[in-house]
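Breakdown of the fold
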2 protein chains.
Amino acid sequence: MPDHSDRLARLRRRLRGRSMYVSALPNIRYLTGFTGSAGHLLVAPDETTLFTDGRYRLQASEQTQGIDVEIASGDSRPALAKRVVALRLRRLSFEANRLDYDTYAFLDGSLPICRLDPLRSVVETMRMRKSPAEIEAIRSSVELNSKAFEDVCARIGPGWTESLVAAELEFAMRRLGAEGAAFPTIVASGTHGALPHAEPRARQLREKSLVVVDQGAILDGYCSDMTRMIALGHPDETQTKLFHAVLEAQVAAIDAICPGVECRTVDNRARQVLRMTTVEGIRLDTKFSHSTGHGVGLEIHEGPRVAPRQRRRLETGMVVTVEPGVYLEGLAGARIEDVVVVTETGCEVLTRTSRELRVL
Amino acid sequence: MPDHSDRLARLRRRLRGRSMYVSALPNIRYLTGFTGSAGHLLVAPDETTLFTDGRYRLQASEQTQGIDVEIASGDSRPALAKRVVALRLRRLSFEANRLDYDTYAFLDGSLPICRLDPLRSVVETMRMRKSPAEIEAIRSSVELNSKAFEDVCARIGPGWTESLVAAELEFAMRRLGAEGAAFPTIVASGTHGALPHAEPRARQLREKSLVVVDQGAILDGYCSDMTRMIALGHPDETQTKLFHAVLEAQVAAIDAICPGVECRTVDNRARQVLRMTTVEGIRLDTKFSHSTGHGVGLEIHEGPRVAPRQRRRLETGMVVTVEPGVYLEGLAGARIEDVVVVTETGCEVLTRTSRELRVL
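Predicted model, so just to flag it, every value in this text is computed and none were measured.

**Some details on the overall build of chain A**
Along the backbone of chain A there are 10 helices and 22 strands. What you see for chain A is a C-alpha radius of gyration of 23 Å, in line with the 21 Å of a compact globule of 360 residues. Taken along its principal axes, the extent of the C-alpha atoms in chain A is 70 × 40 × 35 Å. Split into buried and exposed, the 360 residues of chain A put 58% on the buried side. Restricting to contacts in chain A with at least 6 residues of sequence separation, those with at least 24 account for 66%. Approximately 15,000 Å² of chain A is accessible, and the part contributed by carbon and sulfur atoms is 48%. Charged side chains of chain A number 48 positive and 47 negative; the gap between the two group centres comes to 5 Å.

Written out as structure tokens, the structure reads:
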């Protein structure tokens, strides 16, 4: 059971006497435990109030402790504004990257004596370093995700389509106890694998082609994320070369992870490896079109970003994906992805599924 | 194949010479056909440009016709701002209820000679009236959703948990060709059914209890939405009374649907019926804690809202859900929901699954 009052206390220390309107639902969940799909949180120096609607009356009182809950009929933002007025707040920070313009304009119009302060990623920054309990929650989600992969791999047979593999994976996650998939599962074979965000098609997996499988589960609110490569029949020389270059890049990036290292350094390590390999006359680093990784937790994409130019230093307790990929248009794609937690001495790879090419 | 150029032409007529920045992805999909997870659309009087990133280079060019596509490395908003400057636009409308404050502030800072005009629901209003092709797409999604329900109902056996029923339903949707579920499937039995937005639990369906099953699929981008009631064993008198009151309210609301009628009238019809029934001393209309329905299409919740105080009049081609529900804390909940299209002479119920209580 996470200690929400401790998290609220840490947020208040960061706010130094200011009040804050928290609008992003994952941030509200992190701070209070409330998992409803509509809510607004006011963190003032001497009170914390969650505003939500009638659908969540029971749930809000069951899930939260030590904070006030106010139920509105329908939109609960006017109730929040009213409370800000009643508290005579002169300044209210808000989540600039999470709030829609209309709500901002509504508050601006409703709060004549209160200055609205755009604030960025305050709660998100707190969320980057995971507590031991959160790391265990992510570990369980990662293990469940791996089990779903093994369960389906053991059954893939002739005639299976990309869509069927994706459906079976998500079903397996659910049967294993997941709330659902953390994102739409990607199953992309052959040339379709050259689209980093391919949607699964109602098309059979092709013999002698590489298949990218990118899947994640949500368990007790925490996300997992893993990419593995499957081959139907033994891969040819080009496919093998592509796969091994990506694997080497992934391992090198993981090796670079330890507290104090800059995110861009980890990212660059993967690119350096890919720079040394050429497939069909193409240097592979030129076809690595996204960043090396991202934080993962209550959201599938959170901080820190493991990307070029990111000078943020890794800290103990951060949990990130490491997922270099190479996309050769008209030919094939390859990506390998693990979830890694930064430890005092380096890192621990939470994903225990073998990274080797799974030949079916 | 929807005619995107016709939709863009209709938008331009509404804009009367103004330019618009479309940020909501379902609106971008509606106007251009692009289904990627990141993109920004500029609709200027003489050009339409989609800005997206490298992951979607191939997909954006394959899915769109007759518009320009500009690929940025990473965030594509600066490219959009640059284009607005190059076109010397003096005024740019934006989607006030869909844009985050940060993007607004970025554009405001990047476009010194351009006035930003908050605009609400322009594309959403266009989307409310569906074309014949869209109605057929929704019909197919509704039929698939019903098939998934029948498939799973035929198999529910002793020991099935709420979570398993939900997982089986979503798996059945996928196997039938859906892209996925339109929202997290609700399976709530007994007292849990008294939460309108209950999350399925790892708990077996109880004998002699009512079960609320609320499910929707996405097929070719279009959503369906249906709620049916299941009972394990024959229901008692109270359960039967509750069920029939909700059924009667739902039928009455559907009967009220025709072009020209105000949404609040349809909503009120359901409430009137519930007002006449009392269960355990409680008048049922006092426990109908949400609105009667919502539009459905590319998004699971869109306009029009079928709710109290909504004076908007229904028009031919609008597609809405009708889903009154009653939630008796500590006792049970009941909801019945169909998707209905407004026709010239009244309405057609697209959902063909029997509304009767399914006794298993």
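**Brief notes about the relation of the copies chain A and chain B**
Superposition of chain A onto chain B requires a rotation of 180° combined with a translation of 0.0 Å along the rotation axis, giving an RMSD of 0.0 Å. One copy is carried onto the other by what is essentially a two-fold rotation axis. When C-alpha distances to the rotation axis are compared across chain A, the minimum falls at Asp100 of chain A, with a value of 2.0 Å. Counting the interface residues of chain A, we find that 100% of their copies in chain B are interface residues as well, pointing to one common contact surface.

**Regarding the sheet that holds strand 6 (residues 115–119) of chain B**
Residue and element names in this part refer to chain B. The strand order across the open sheet formed by six strands is 4-3-2-1-5-6, and the pairing between neighbours is mixed. Lying at the two open borders of the sheet, with one neighbouring strand each, are strand 4 (68–72) and strand 6. Ignoring strand direction, the axes of neighbouring strands in this sheet form an average angle of 25°. Of the pairings in the sheet, the one linking strand 2 (residues 40–44) to strand 3 (residues 47–53) comprises five bridges and is antiparallel in character. Residue pairing across strands places Leu42 opposite Thr49, the latter belonging to strand 3.

**Some thoughts on the pattern of salt bridges**
For the coordinates displayed, the defined rule picks out 64 salt bridges over all chains. The residue Glu168 of chain A makes a salt bridge to Arg155 of chain A at a minimum N-O spacing of 3.0 Å. A residue pair is termed long-range when its members are at least 10 positions apart, and Glu168 of chain A in helix 8 (residues 162–175) and Arg155 of chain A in the loop between helix 7 (132–153) and helix 8 qualify at 13 residues. Overall, the relative accessible area of 35% leaves Arg155 of chain A in the partly exposed class. Note that Arg127 of chain B and Glu299 of chain B form a salt bridge whose closest N and O atoms lie 3.0 Å from each other.

**Section: the pairing of strand 20 (residues 338–342) of chain B**
All names here are of chain B. Counting buried positions along strand 20 gives five out of five residues, so the element sits mostly inside the fold. When strand 17 (residues 319–322) meets strand 20, the two strands line up antiparallel, connected through four bridges. Its bridge partner being in strand 20, Val320 is matched across the sheet by Val340. Two strands pair when backbone bridges link them, and strand 20 and strand 21 (residues 347–349) are joined in this way by three bridges, in the antiparallel orientation. Looking across to strand 21, one finds that Val340 is bridged to Val349. Between strand 20 and the antiparallel strand that follows it, strand 21, lie four residues.

**Things to note about the packing of helix 9 (residues 237–255) of chain B against helix 10 (residues 263–275) of chain B**
Residue and element names in this part refer to chain B. Where helix 9 contacts helix 10, the axes come no closer than 8 Å and their chain directions differ by 150°. The pairing of helix 9 with helix 10 is recorded here as roughly antiparallel in orientation. Helix 10 is crossed by helix 9, and the crossing has right-handed handedness. Between helix 9, through Ala245, Val246, Glu248, Ala249, Ala252 and Ala253, and helix 10, the contact on the second element is made entirely by Val266, Arg269, Ala270, Val273 and Leu274. Among the residues forming the contact of helix 9 with helix 10, the class breakdown is nine nonpolar, no polar and two charged.

**Observations regarding the domain arrangement of chain A**
Residues and elements named next belong to chain A. Parsing chain A into structural domains produces domain 1 (4–127) and domain 2 (129–359). For domain 1 versus domain 2, the distance between C-alpha centres works out to 35 Å. Across the boundary between the two partners, domain 1 contributes eight residues, which contact 10 residues of domain 2. For the pair domain 1 and domain 2, the summed buried area comes to about 720 Å², and 36% of that belongs to carbon and sulfur atoms. Our enumeration of links across domain 1 and domain 2 arrives at four salt bridges. The salt bridge involving Arg7 is made with Glu134; its shortest N-O contact spans 4.0 Å. There are five residue pairs in polar contact (both at pLDDT 80 or more) connecting domain 1 and domain 2. Elements with a contribution of two residues or more to the side of domain 1 that touches domain 2: helix 2 (25–32) and helix 6 (122–128).

**Structural notes on the interface of chain A and chain B**
The interface of chain A with chain B comprises 30 residues on the first partner and 30 residues on the second. Of the roughly 2,800 Å² buried between chain A and chain B on both sides combined, carbon and sulfur atoms contribute 59%. At the junction of chain A with chain B, the criterion picks out four salt bridges. For Glu170 of chain B, the salt bridge identified is with Arg174 of chain A, shortest N-O distance 2.8 Å. Here chain A is connected to chain B by 10 residue pairs in polar contact (both at pLDDT 80 or more). Sort the elements by how many residues they give to the side of chain A that touches chain B and helix 8 of chain A lands first, with nine residues. When the residues that make up the side of chain A that touches chain B are grouped by side-chain class, the tally is 14 nonpolar, six polar and 10 charged.

**Observations regarding the confidence of the model for chain A**
Detailed reading of predicted coordinates is not advised where the pLDDT is low. Here chain A shows a mean pLDDT of 95. Residues at 70 or above account for 99%. Scoring the predicted complex yields pTM 0.92 and, for the interface, ipTM 0.87.

**Observations regarding the sheet that holds strand 11 (residues 222–223) of chain B**
All names here are of chain B. Taken in spatial order, the three strands line up as 7-10-11 in an open sheet, and their pairing is antiparallel. Two strands in the sheet have a free side with no partner beyond their single neighbour: strand 7 (180–181) and strand 11. Across two bridges, strand 7 lies against strand 10 (residues 217–219) in antiparallel orientation. In the sheet register, Ala181 faces strand 10, and the bridge partner there is Ala217. Packed on one face of the sheet, helix 7 (residues 132–153) meets strand 10 and strand 11 and runs near 135° to strand 10.

**Considerations on the packing of helix 4 (residues 77–86) of chain B against helix 5 (residues 101–110) of chain B**
Residue and element names in this part refer to chain B. The contact between helix 4 and helix 5 brings their axes to 10 Å, and the two run at 35°. Pair helix 4 / helix 5 crosses with right-handed handedness. On helix 5, the residues that touch Arg77, Pro78, Leu80, Ala81 and Val85 of helix 4 are Thr103, Phe106, Leu107 and Ser110. The class makeup of the residues in the contact of helix 4 with helix 5 is six nonpolar, two polar and one charged.

**Concerning the packing of aromatic side chains**
Considering all chains together, one arrives at 11 aromatic pairs over all chains under this definition. Each ring, one from Phe34 of chain A and one from Tyr56 of chain A, has its centre 5.7 Å from the other, and the planes form 85°; the classification is edge-to-face. Of this pair, Phe34 of chain A sits in the loop between helix 2 and strand 2 (40–44) while Tyr56 of chain A sits in the loop between strand 3 (47–53) and helix 3 (57–63); the two residues are 22 residues apart in sequence, bridging distant segments of the chain. Tyr56 of chain A shares its class with Phe34 of chain A; the two are buried. With a centroid separation of 4.9 Å and an interplanar angle of 85°, the aromatic rings of Tyr101 of chain A and Phe94 of chain B are classed as edge-to-face. Here Tyr101 of chain A is found in helix 5 (residues 101–110), whereas its partner Phe94 of chain B is found in strand 5 (residues 91–95) on a different chain.

Conventions adopted
Residues numbered from 1 in each chain as written. Chains lettered and ligands numbered in written order. Predicted model: local features only at pLDDT ≥ 70, side-chain atom pairs only at ≥ 80, totals over all residues. Heavy atoms only, no water. Helix = DSSP H or I, 4+ residues; strand = E, 2+ residues; numbered from the N terminus. Rg over C-alpha atoms; globule rule 2.2 N^0.38 Å. Buried < 20%, exposed > 50% of the residue type's maximum accessible area, 1.4 Å probe, protein only. Contact = heavy atoms within 4.5 Å. Areas by Shrake-Rupley, 256 points an atom, 1.4 Å probe, with all protein chains shown as cover. Lys, Arg positive; Asp, Glu negative; His and termini not counted. Charge placed at Lys NZ, Arg CZ, Asp CG, Glu CD. Least-squares fit on C-alpha atoms with pLDDT ≥ 70 in both. Pairing = 2+ DSSP bridges. Axes fitted to C-alpha atoms, helices over the stretch in contact; angles between N-to-C directions. Salt bridge = Lys/Arg side-chain N within 4 Å of Asp/Glu carboxyl O. Parallel < 35°, antiparallel > 145°, perpendicular 65-115°, else oblique. Left-handed = near helix turned anticlockwise from the far one by under 90°. Nonpolar A, V, L, I, M, F, W, Y, C, P; charged D, E, K, R; others polar. Domains from an automatic or database assignment. Buried area = accessible area lost by both parts, 1.4 Å probe. Polar contact = N/O pair within 3.5 Å; in protein donor to acceptor, adjacent residues only side chain to side chain. pLDDT = per-residue confidence, 0-100. Phe/Tyr/Trp six-rings, centres within 6.5 Å; stacked < 30°, edge-to-face > 60°.

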